[in-house]
Amino acid sequence: MSVVLSIQGLTKAYKPGVPVLKGIDLDFDERGLTAIIGSSGTGKSTLVRIINRLVDPGDGTIVFKGEDLSRIHGRQLRELRRRIGMVFQEYNLVERLSVMENLLCGRLGYLSPLKAWLRRFPQEDIEHAYQLLDVIGLSNFANQRADSLSGGQRQRVGIARALMQRPELLLADEPTSSLDPKTSVEIMELLKSQGEDNKIPVLVNMHDVELAKRFADRIVGMTGGRVVFDGLPSRLTDDHLKLIYGGEGWLQ
Amino acid sequence: MSSASIPAARPFESSLGAKLLALFILAYACYALGQLDFSWPRFVKGIDNGARFLDRMFPPSFKNWDQLLTGFIESMQIAVLATFFGVLISLPIAILGARNLMPSWATWPARLIVTLCRAFNPVIVAIIFIKAVGFGALAGVLALVMGSIGFVGKLFMEAIEEISMKQIEAIRATGAPFASVVAFGVLPQVMGRLVGFCTYQLDANLRNSTMVGIVGAGGIGGTLFAAFQRFEYDFVLAILITIIAVVLLGELLANYVKRIFNGES
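Residues numbered from 1 in each chain as written. Chains lettered and ligands numbered in written order. Predicted model: local features only at pLDDT ≥ 70, side-chain atom pairs only at ≥ 80, totals over all residues. Heavy atoms only, no water.

## Observations regarding the sheet that holds strand β9 (residues 218-223) of chain A
Residues and elements named next belong to chain A. Short version of the rule: If DSSP finds at least two bridges between two strands, the strands pair. Per the convention used, a helix needs a DSSP run of H or I reaching at least four residues, while a strand needs a run of E reaching at least two, with both numbered from the N terminus. Interaxial angles span 0 to 180 degrees and are taken between N-to-C directions of axes, which are lines fitted to C-alpha atoms, for helices over the stretch in contact. Every residue pair with non-hydrogen atoms within 4.5 Å of one another is taken to be in contact.
Read from one edge to the other, the open sheet built from six strands follows the order β6-β7-β8-β3-β9-β10, with strand pairing classed as mixed. One side of each edge strand has no neighbouring strand; the edge strands of this open sheet are β6 (84-87) and β10 (226-231). The sheet shows a mean angle of 20° between the axes of neighbouring strands, direction not considered. With five bridges joining them, β9 and β10 adopt antiparallel strand pairing. Note on β10: the bridge partner recorded for Gly221 is Phe229. With respect to the sheet, helix α6 (residues 151-164) is in contact with β6 and β7 (169-173), its orientation differing from that of β6 by roughly 170°.

## What to know about the pairing of strand β2 (residues 18-29) of chain A
Looking along a regular strand, one sees side chains alternate from face to face of the sheet. Residue and element names in this part refer to chain A. As defined by bridge partners, strand β1 (residues 3-15) adjoins β2 across nine bridges and the pair is classed as antiparallel. Following the sheet pairing, Lys15 is matched in β2 by Val18. As consecutive antiparallel partners, β1 and β2 are separated by two residues, and within that stretch Gly17 has a phi angle of approximately 85°, a positive value.

## Quick look at the sheet that holds strand β4 (residues 61-64) of chain A
Within a sheet, neighbouring strands are paired by backbone hydrogen bonds and run either parallel or antiparallel to one another. All names here are of chain A. With antiparallel pairing, the four strands of this open sheet are ordered in space as β2-β1-β4-β5. Edge positions in the sheet fall to β2 and β5 (67-68), since each of these pairs with one other strand and no more. Examined bridge by bridge, β4 and β5 share two bridges and lie antiparallel to one another. For Phe64, the partnering residue across the bridge sits in β5 and is Glu67. Of the strands in this sheet, β1, β2 and β4 touch helix α1 (residues 44-51), which is tilted by about 120° from β1.

## A closer look at the pattern of salt bridges
Residue and element names in this part refer to chain A. Keep this limit in mind: We define a salt bridge as a side-chain nitrogen of Lys or Arg found within 4 Å of a carboxyl oxygen belonging to Asp or Glu. Burial here depends on accessible area, computed with a 1.4 Å probe over protein chains only, as a share of the maximum for the residue type. Under 20% is buried, over 50% is exposed, and the range in between is partly exposed.
Under the criterion given, the structure shown has 26 salt bridges over all chains. The partner of Glu168 in a salt bridge is Arg83, and the shortest N-O contact between them spans 3.0 Å. Taken together, the residues Glu168 in the loop between α6 and β7 and Arg83 in the loop between α2 (75-81) and β6 connect sequence positions 85 residues apart. Its relative accessible area of 24% is what places Glu168 among the partly exposed residues. Glu95 serves as the salt-bridge partner of Arg154, at 3.2 Å between the closest nitrogen and oxygen. One end of the pair, Arg154, is in helix α6; the other, Glu95, is in the loop between β6 and α3 (99-105), with 59 residues separating them in the sequence. Given the relative accessible area of 16%, Arg154 is considered buried.

Pasting the structure below:
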């Protein structure tokens with residue numbers, strides 16, 4: 001399989017002298033769900049946000065399908081972003097817009113601002129949005145306002161919005177951390193199946209080790225801004241977990 | 001035992017500075033009163049004058065109702081036009097001035113414009129515009145447009161600075177250009193409040209439009225001033241009653257509009 005995303009020697013420091021990422025080297029294939037695990041503050045979120053440049057990288061290169069995206073800006077950056085879908089921990093839906101409008105937001109990168117102001121979306125996009133509502137099981141919610149939905153429903157809309165972009169890569173920044181265990185499993189199932197159906201790689205960063213083991217094809221463990229484990233979930237041992245999260249009392 | 005050790009407590013003891021300041025304010029008030037030649041006989045004479053003035057106001061005369069109507073229609077037009085254009089211009093200025101969306105090279109000029117528009121009372125601005133574009137409604141509209149930019153622009157800017165950046169971040173992550181981020185991320189979050197500001201401003205402009213007429217910038221204010229100069233005090237009262245009625249009506253209308261929008265959200 002060919003490499004879709006290649007990160008080499010990536011560093012990041014929000015404050016000079018206090019690095020959050022200390023040299024990350026990771027390659028991602030064109031398929032499969034990768035879970036990035038680690039305790040809070042180890043830079044997993046920063047890593048995911050650097051990939052679609054919501055956070056600017058320090059040193060290093062990030063090559064996405066042959067294009068180095070670590071230094072692009074303006075139009076080039078927008079054209080990159082629309083090829084990468086993103087799902088957020090707190091869903092980040094536009095609360096006062098309807099579910100349908102939130103889904104169509106996923107197409108804004110492809111629509112001229114004038115058409116966006118006039119709400120003139122192509123018929124094709126609207127049909128795609130209805131199909132996705134079917135997929136996420138919210139067909140009857142198209143005209144409901146986003147703030148009237150439950151957490152799990154909102155995250156489904158968040159995923160559908162990202163899929164509206166017809167992305168070539170799907171990022172999820174702690175998509176289940178604000179949800180109950182049952183809903184978390186449903187959201188992970190949705191991310192996994194959509195990655196497979198659309199034949200795109202999915203990068204999920206998360207706390208929950210069991211959830212990661214259950215759904216991931218590959219696990220990346222991070223601690224202190226470095227990758228300390230990278231491999232199949234079945235190879236992740238308690239020793240690795242001690243290294244990733246520190247201590248061992250919590251494992252009993 | 002601890003209460004015994006506390007010296008005679010005076011919890012509200014004022015400082016020497018505060019006392020001196022109070023004394024100074026009192027002294028200055030007396031001095032100013034003397035300077036401006038307020039005296040008891042003059043006050044009594046004034047009351048007498050006022051009584052005669054009030055006497056000539058009654059009963060109010062609506063016989064020049066056509067003048068009254070023409071003046072009011074012009075005032076309404078000034079208020080509506082000024083609100084419309086004021087809000088229209090405020091929108092881009094407020095977006096440029098919002099510190100959470102724009103870099104500082106854009107925010108400070110936008111903020112300067114808004115501050116300048118707020119610096120003067122509409123009547124002073126009206127006088128300046130009368131010198132610039134001549135007597136009449138145009139000067140009134142321009143003066144109130146400036147006032148509206150100063151007021152709505154500032155409130156709107158603050159509303160934009162309070163929006164949730166998470167929603168903006170999500171729209172940006174889809175690769176949307178800035179104008180689309182405004183349409184789908186910013187405006188939905190502030191629309192309800194914007195409608196509120198517009199009704200406030202229409203209400204304020206309705207009142208201000210009666211005022212700018214006094215200096216010659218069109219509307220009922222001009223009619224009022226002319227009536228004063230012709231000593232037609234009964235007509236003056238008629239105009240005043242109508243202004244009160246219209247302002248009250250405007251307030252009812254504003255409440256009604258706000259109820260519609262609050263009910264919806």
